[in-house]
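Chain by chain, the residues run as shown.
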Amino acid sequence: MIKAVVKQIGEHSMDAKDEMIILFGEKVTNELEKFSVIQTIETDEPFNIEVGGTISFDDQEYHVVKIGPIANRQLDSMGHVSLMFKSPEGMDELSNAIYLEPYTFPVINEGTIITYR
């Protein structure tokens, strides 16, 4: 299990109509910061998220239905991933995306605990 805490929420990062949240670690550029949720990863172990795993935002649990080929590597190196809250069917795959269900947008605030299992 890997634990992270939401440190900052960019002013353009939480639009539910986009059905996507872009997560970055603390070394995000100023320009990307506006469109990202910044997380501080508190666990020192490599990411190994797989289909069937879960990602929780406080007590809101989501199930991994698809994962892009470089998502774990991007999380390890930059704390970066695109979380998709819509079906991956018929979409061009984003190589750094994790597709989650249910397809409802989570409530995230500064201080929200993100748990990767």
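Just so you know, these numbers come straight off a predicted model, no measurement behind them.

What counts, and at which threshold
Residues numbered from 1 in each chain as written. Predicted model: local features only at pLDDT ≥ 70, side-chain atom pairs only at ≥ 80, totals over all residues. Heavy atoms only, no water. Helix = DSSP H or I, 4+ residues; strand = E, 2+ residues; numbered from the N terminus. Rg over C-alpha atoms; globule rule 2.2 N^0.38 Å. Buried < 20%, exposed > 50% of the residue type's maximum accessible area, 1.4 Å probe, protein only. Contact = heavy atoms within 4.5 Å. Areas by Shrake-Rupley, 256 points an atom, 1.4 Å probe, with all protein chains shown as cover. Lys, Arg positive; Asp, Glu negative; His and termini not counted. Charge placed at Lys NZ, Arg CZ, Asp CG, Glu CD. Arc of directions from axis to C-beta. Phe/Tyr/Trp six-rings, centres within 6.5 Å; stacked < 30°, edge-to-face > 60°. Core = buried A, V, L, I, M, F, W, Y, C linked by side-chain atoms within 4.5 Å.

Caption draft 1: Representation of the overall build of the chain in the model. Of regular secondary structure, the chain possesses 2 helices and 8 strands. Moving toward the C terminus, one meets the helices and strands of the chain in the order β-β-α-β-β-β-α-β-β-β. For 117 residues, the compact-globule estimate of 2.2 N^0.38 gives 13 Å, and the C-alpha radius of gyration of the chain, at 13 Å, lies within 12% of that figure. Among the 117 residues that make up the chain, the fraction classed as buried is 42%. Residue pairs at least 24 apart in sequence account for 67% of intrachain contacts in the chain once pairs closer than 6 positions are excluded. Just so you have it, the chain exposes about 6,300 Å², and 48% of that area is on carbon and sulfur atoms. Treating the 9 positive side-chain charges of the chain as one cloud and the 20 negative ones as another, the clouds have centres 4 Å apart.

Caption draft 2: Fine view of the side chain of Asn 72. Residue placement: Asn 72 occurs in helix α2 (residues 71-78). Taking relative accessible area as the criterion, Asn 72 reaches 18% and is therefore assigned buried. Among all residues touching Asn 72, those that are not within four sequence positions of it are Phe 47, Asn 48, Ile 49 and Ile 67.

Caption draft 3: Here's a closer look at α2. Those residues of α2 that fall on the buried side of the exposure criterion are Ala 71, Asn 72, Gln 74 and Leu 75. Projected down its long axis, α2 carries its buried residues within an arc of 165 degrees, all on one side. Seen from the open side of α2, the exposed residues pointing more than 90 degrees away from its buried face are Arg 73 and Ser 77. In this fold, the buried residues of α2 make contact with β3 (37-41), β5 (60-67), β6 (81-84), β7 (97-101) and β8 (113-116). Downstream of α2 by a residue or two, Gly 79 has a phi angle that is positive, lying close to 65 degrees.

Caption draft 4: How the structure looks around the packing of aromatic side chains. Across all of its chains, the model carries 5 aromatic pairs by this definition. Taking the centre distance of 5.7 Å and the plane angle of 70 degrees together, the rings of Phe 85 and Phe 105 count as edge-to-face. Here the residue Phe 85 occupies a position in the loop between β6 and β7, and Phe 105 occupies one in the loop between β7 and β8, the gap between them amounting to 20 residues. One aromatic cluster is present, built from ring pairs that chain together Phe 57, Tyr 62, Phe 85 and Phe 105.

Caption draft 5: Structural view of the nonpolar core. Core analysis: the largest hydrophobic core is formed by 22 residues, its most contacted members being Ile 55, Leu 83, Ile 98 and Tyr 116. Among the elements of the structure, β1 (2-9), β2 (20-24), β4 (54-57), β5, α2, β6, β7 and β8 are those that each provide at least two residues to this core. Of all the elements, β1 adds the most residues to this core, at 3 residues. When near neighbours in sequence (up to four residues on either side) are disregarded, Ile 55 contacts Gln 60, Glu 61, Tyr 62, Val 64, Leu 83, Ile 98, Leu 100, Ile 114, Thr 115 and Tyr 116.

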